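Fold and contact review
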Amino acid sequence: LSGLQGGTTGEYYHTTAAQSADLLTGAYGSMYIDNGSVVRTIAATNTYYEVTSGFTGSLCSQFVFQNSKELKCSRAGTYKIAWQMTRSAAVITQDVEGGVFKNGTIQLNTTAHNQSSTANAQQSFGGVGIVVLAVNDLISLAVNNNTSTNSITITHANITITRVGS
């Protein structure tokens, strides 16, 4: 912390009221889909598409849940972002990837892969990554069908964001 008030080596340091508030106020956000049936149309293979609806906001501090699909950052920093989705596709052997969009761009360090073995079977998978966020950055879930342009149906999903550094 820069600008701390205090004495010499071995003495206690004191924070200002603003610094104390910054230390004590956590920054986190979460959203989820529970028992949904969100269909994401896939227009082209090997392309990530945002899951554009169906989410419900959950606990948030320094994030705003908005548009039934995203979390808006109110406090810049380094964040751990974890996500999970349960999905299905109408065709067997669909290679599907998921990950986190930051302002509409896939964050490759958050991606994971899943392959269905049965048509319409529910498959769960998820990922975790560290992402640097600025104020007003938008975080959302993305999905990619590597096999075909068959739509993906999402029945459960969640994103949880936790600040881990400045």
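Residues numbered from 1 in each chain as written. Predicted model: local features only at pLDDT ≥ 70, side-chain atom pairs only at ≥ 80, totals over all residues. Heavy atoms only, no water.

**Remarks on the overall build of the chain**
- Counting its secondary structure elements, the chain contains 1 helix and 14 strands.
- The buried share among the 166 residues of the chain stands at 39%.
- As displayed, the chain has an accessible area near 8200 Å², and 51% of this comes from carbon and sulfur atoms. (Helix = DSSP H or I, 4+ residues; strand = E, 2+ residues; numbered from the N terminus. Buried < 20%, exposed > 50% of the residue type's maximum accessible area, 1.4 Å probe, protein only. Areas by Shrake-Rupley, 256 points an atom, 1.4 Å probe, with all protein chains shown as cover.)

**Considerations on the pairing of strand S11 (residues 105-115)**
- Inspection of the sheet shows strand S10 (residues 95-102) paired to S11 by 7 bridges, in the antiparallel sense. Paired with Asp95 across the two strands is Gln115, which belongs to S11. (Pairing = 2+ DSSP bridges.)

**Topic: unusual backbone geometry**
- A positive phi angle is found at Gln62, which is not glycine, with a value near 75°.
- With respect to the element layout, Gln62 can be found in the loop between strand S6 (56-61) and strand S7 (63-66).
- For Gln62, a relative accessible area of 29% puts it in the partly exposed group.
- Its identity is not glycine, yet Ser68 carries a phi of approximately 55°, on the positive side.
- A residue is classified by how much of its surface remains accessible, and Ser68, at 36% relative accessible area, is partly exposed.

**A word on the side chain of Gln123**
- Structurally, Gln123 can be placed in strand S12 (residues 123-133).
- The exposure class of Gln123 is buried, given its relative accessible area of 16%.
- Setting aside anything within four residues of it in sequence, one finds Gln123 in contact with Met85, Thr86, Arg87, Asn114, Gln115, Ser116 and Ser117. (Contact = heavy atoms within 4.5 Å.)

**Concerning the pairing of strand S9 (residues 77-88)**
- Among the 12 residues that make up S9, 9 are buried, leaving the element largely enclosed by the rest of the structure.
- Two strands pair when backbone bridges link them, and S9 and S12 are joined in this way by 11 bridges, in the antiparallel orientation. What sits directly across from Gln84, in S12, is Gly126.
- Bridge analysis of S9 against strand S14 (residues 152-165) gives 11 bridges, and the strand direction is antiparallel. In the sheet register, Ser88 faces S14, and the bridge partner there is Thr153.

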